[in-house]
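Geometric and topological summary
Given next are the chains, with one letter for each unit.
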Amino acid sequence: MHNFNNKPIGFFDSGVGGLSVLSRFKKVLPNESTIYYGDTIHLPYGNKTKKELIGYARNIMNFMLKKGVKAVIIACNTSSAQAYDTIKNEYDVPIYPIIQSCSKIIAQNKLKKIGIFATEATVMSGKYTEELKKYNSEIQVKEIASKNWVGIVENSITDIDAAKKHIRYELEEMLLFNPDKIILGCTHYPYLMNEFVKYAPKDIFVDPAEIFVDYLKDDLSSRELLNNGVDSSDRMEQFYVTSSPADFVKNAKIFYDVKNSPILV
Ligand code: DGL
């Protein structure tokens, strides 16, 4: 069957981080075809300017449209914070940014104090605070830019002492704020959970990927965009990267089983 609903859904991030969203998405919506784009040549996004991030997002959107996607998921907090508002009306497909899609749901949980760990560019945008306060003006938010965490995840070096020290230092600073919940506001950070739980209970951490995917399911369904699953024989999964495909596969290994070799764009 070849109809519009069989078209793929695009996902993008600067690297392997967005695989945390893709992985959850595949569990909840296994009938969907997907295209994942890791913009690894520009990694990390967290220290890039707004102008650069808008440029990357436009390139990726144009790529996705050429591939015939039916929707695009911005599986990257930094792009959601810095690029989404500018590009959101430039394309004819629905675009889902992780921060804006999740904040309403998180804010409605009647929490008083929320901590956010995110990249420098996300924290500088103030997007999480802005979005959370839109739905709960009383909420207190503390955002901390965790400068080294993306590199720790991308290079799979969670085990080295210097990495552990960075994680502990920033977590201790956050815990002084006494948050009800801590949002892992960068798609790379859930991969550091084994370290986080040494200092705080697991249920204090919120991986927005879980909330995001539930939201995506509802919204795609209400727009009648989901694959009906009657014939999934042409379901596909593709990966594209902008630098070494071999490194991507290696770094992705502990997070996602990348079965099809990524294609270098
Ligand atoms: N994983 C991305 C995010 O959610 C960006 C990380 C980076 O490249 O700095 O913000």
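Structure's up top.
Heads up: these notes are all about the structure in this document. Everything numeric here is computed off the predicted structure, so don't read it as measured data. (Residues numbered from 1 in each chain as written. Predicted model: local features only at pLDDT ≥ 70, side-chain atom pairs only at ≥ 80, totals over all residues. Heavy atoms only, no water.)

Each helix and strand counted, the protein chain has twelve helices and ten strands in total. Rg of the C-alpha trace for the protein chain: 18 Å, near the compact-globule value of 18 Å for 265 residues, within the 12% margin. For the protein chain, the C-alpha atoms occupy an extent of roughly 55 × 40 × 35 Å along the three principal directions. A burial count over the protein chain gives 54% of its 265 residues as buried. A fraction of 75% describes how many contacts in the protein chain between residues 6 or more apart in sequence connect residues 24 or more apart. Here the protein chain contributes 33 positively and 32 negatively charged side chains, and the mean placements of these two sets differ by 1 Å. (Helix = DSSP H or I, 4+ residues; strand = E, 2+ residues; numbered from the N terminus. Rg over C-alpha atoms; globule rule 2.2 N^0.38 Å. Buried < 20%, exposed > 50% of the residue type's maximum accessible area, 1.4 Å probe, protein only. Contact = heavy atoms within 4.5 Å. Lys, Arg positive; Asp, Glu negative; His and termini not counted. Charge placed at Lys NZ, Arg CZ, Asp CG, Glu CD.)

Moving on, we come to the pairing of strand β2 (residues 34-38). Most of β2 is tucked away, with five of its five residues classed as buried. As judged from the five bridges shared by strand β1 (residues 9-13) and β2, these two strands associate in the parallel manner. Opposite Gly 10, over in β2, you have Ile 35 as the bridge partner. Handedness of the β1-helix α1 (residues 19-28)-β2 crossover: right-handed. By the bridge criterion, five bridges tie β2 to strand β9 (residues 237-241) in an arrangement that is parallel. Following the sheet pairing, Gly 38 is matched in β9 by Val 241. (Pairing = 2+ DSSP bridges. Right-handed = clockwise from strand over helix to strand, strands pointing away.)

As for its placement among the helices and strands, Lys 127 is situated in helix α7 (residues 127-135). The contacts of Lys 127, once residues within four sequence positions are left out, are Ala 81, Asp 85, Ile 99, Gln 100 and Thr 122.

Here the focus is the site of the ligand. The environment of the ligand is formed by 13 residues, the closest being Ser 14, Tyr 45, Thr 78, Thr 187 and His 188. Between Thr 78 and the ligand, the recorded distance is 2.5 Å, taken from a side-chain N or O atom to an oxygen atom. One of the side-chain nitrogen or oxygen atoms of Thr 187 is found 2.8 Å away from a nitrogen atom of the ligand. Calculation on the ligand without its partners gives an accessible area of 300 Å², and the protein chains cover 99% of this total. Taken together, the residues that form the shell around the ligand break down as five nonpolar, seven polar and one charged. (Near = heavy atom within 4 Å. Polar contact = N/O pair within 3.5 Å; in protein donor to acceptor, adjacent residues only side chain to side chain. Areas by Shrake-Rupley, 256 points an atom, 1.4 Å probe, with all protein chains shown as cover. Nonpolar A, V, L, I, M, F, W, Y, C, P; charged D, E, K, R; others polar.)

The next point concerns the sheet that holds strand β4 (residues 95-97). Within the open sheet, the six strands sit side by side as β4-β3-β1-β2-β9-β10. Their pairing is parallel. This sheet does not close on itself; its edge strands, each paired only once, are β4 and β10 (263-264). In this fold helix α5 (residues 98-107) packs onto β3 (71-74) and β4, with an angle of close to 60° to the strand it touches most, β4. (Axes fitted to C-alpha atoms, helices over the stretch in contact; angles between N-to-C directions.)

Between its first and last C-alpha, helix α11 (residues 208-222) extends 21 Å over 15 residues, near the 21 Å set by a 1.5 Å rise per residue. All of the buried residues in α11 are Pro 208, Ala 209, Ile 211, Phe 212, Val 213, Leu 216, Asp 219 and Leu 220. One or two positions beyond α11, positive phi appears at Glu 224, with a value near 55°. (Expected span 1.5 Å × (residues − 1).)

Bringing the packing of aromatic side chains into the picture now. Enumeration according to the criterion identifies 13 aromatic pairs in this entry. An angle of 45° between the planes, with centres 6.4 Å apart, marks the rings of Phe 239 and Phe 248 as tilted. Put simply, the rings of Phe 117, Trp 149, Tyr 189, Phe 196 and Phe 205 touch in pairs and so form one group of aromatic residues. Between Lys 113 and the ring centre of Phe 177, over which it is positioned, the NZ or CZ distance is 4.7 Å. (Phe/Tyr/Trp six-rings, centres within 6.5 Å; stacked < 30°, edge-to-face > 60°. Lys NZ or Arg CZ within 6 Å of the ring centre and 35° of its normal.)

Where α5 meets α11, the closest approach of the two axes is 9 Å, and the angle between their N-to-C directions is 95°. Between α5 and α11, the angle falls in the class roughly perpendicular. Counted together, Ile 98, Ser 101, Cys 102, Ile 105 and Ile 106 of α5 and Pro 208, Ile 211, Phe 212 and Tyr 215 of α11 form the full contact between these two elements. The class makeup of the residues in the contact of α5 with α11 is eight nonpolar, one polar and no charged. (Parallel < 35°, antiparallel > 145°, perpendicular 65-115°, else oblique.)

Now for the pattern of salt bridges. This structure, assessed with the given rule, holds twelve salt bridges. Notably, a salt bridge pairs Glu 90 with Arg 58, separated by 2.7 Å at the nearest N-O pair. With Glu 90 in the loop between α4 (84-87) and β4 and Arg 58 in helix α2 (residues 50-66), this pair connects stretches of sequence that are 32 residues apart. Between Lys 134 and Glu 131 there is a salt bridge, and its shortest N-O distance comes to 3.1 Å. One end of the pair is Lys 134 and the other is Glu 131, both in helix α7 and three residues apart, which spans about a single turn. (Salt bridge = Lys/Arg side-chain N within 4 Å of Asp/Glu carboxyl O.)

Our next topic: the sheet that holds strand β7 (residues 181-184). Read from one edge of the open sheet, four strands run β6-β5-β7-β8, paired in parallel fashion. Two strands close off the open sheet at either side, each with one partner strand: β6 (140-145) and β8 (205-206). For strand β5 (residues 113-118) and β6, the ladder comprises six bridges, and the chain directions are parallel. When the bridges of β6 are listed, Ala 118 appears paired with Ala 145. Each of β5, β6, β7 and β8 touches helix α9 (residues 161-175); the most contacted strand, β6, lies at about 165° to it.

Treat this as a map of the structure, not an account of what it does.
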